[in-house]
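These are the residues of each chain, in order.
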Amino acid sequence: MISYILALGIWTVVLGTIMLFWVMVRKKSISATKFRVYLIYAIIMICAGIVTIILNKYDGVCGILCGVTMLYVSYNDRNAYSRFTIPYIDNIETFFMGAVLVCYGLIRIFCE
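A few points on the structure. (Residues numbered from 1 in each chain as written. Predicted model: local features only at pLDDT ≥ 70, side-chain atom pairs only at ≥ 80, totals over all residues. Heavy atoms only, no water.)

**A short note on helix H1 (residues 4-25)**
- Over its 22 residues, H1 runs 31 Å from end to end, which matches the ideal 32 Å to within 8%, given 1.5 Å per residue.
- If you check which residues of H1 are buried, you get Ile-5, Leu-8, Gly-9, Thr-12, Val-13, Leu-15, Gly-16, Met-19 and Val-23.
- Looking at the buried residues of H1, the elements they touch are helix H2 (32-55), helix H3 (59-76) and helix H4 (86-110). (Helix = DSSP H or I, 4+ residues; strand = E, 2+ residues; numbered from the N terminus. Expected span 1.5 Å × (residues − 1). Buried < 20%, exposed > 50% of the residue type's maximum accessible area, 1.4 Å probe, protein only. Contact = heavy atoms within 4.5 Å.)

Quick look at the structure:
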């Protein structure tokens, strides 16, 4: 059985890789400052996920990184859907999951 720390590390690597490719595709349509910030954030996510997979710790950092990414994505899509439809509910669930992951990461870092 896979441990939740390993699963969070894998999820962070996957999410960071998706974000890295997203940044590379939209390189021309975003400003240079946003491009650099997104690129550095994606690389940090990938590195944190790999370190979590190898050392089997630092899952709090991965939780915060994944949670912030999910909050950012769901916040940007907040006006894309009409109220009380299935995509709107999915967006609310993504926002809630991001908040839960950030809380999990903070609890793991400060209450250990």
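**Comments concerning the packing of aromatic side chains**
- A complete count under the given rule lists 3 aromatic pairs for this structure.
- Each ring, one from Trp-22 and one from Tyr-38, has its centre 5.7 Å from the other, and the planes form 55°; the classification is tilted. One end of the pair, Trp-22, is in helix H1; the other, Tyr-38, is in helix H2, with 16 residues separating them in the sequence.
- On the basis of relative accessible area, Tyr-38 is assigned to the buried category, the value being 10%.
- Ring plane angle 70° and centroid distance 6.4 Å describe the contact between Phe-84 and Tyr-88, whose orientation is recorded as edge-to-face.
- Taken together through their ring pairs, the aromatic side chains of Trp-22, Tyr-38 and Tyr-72 make up a single cluster. (Phe/Tyr/Trp six-rings, centres within 6.5 Å; stacked < 30°, edge-to-face > 60°.)

Any functional reading would require information that these geometric values do not contain.
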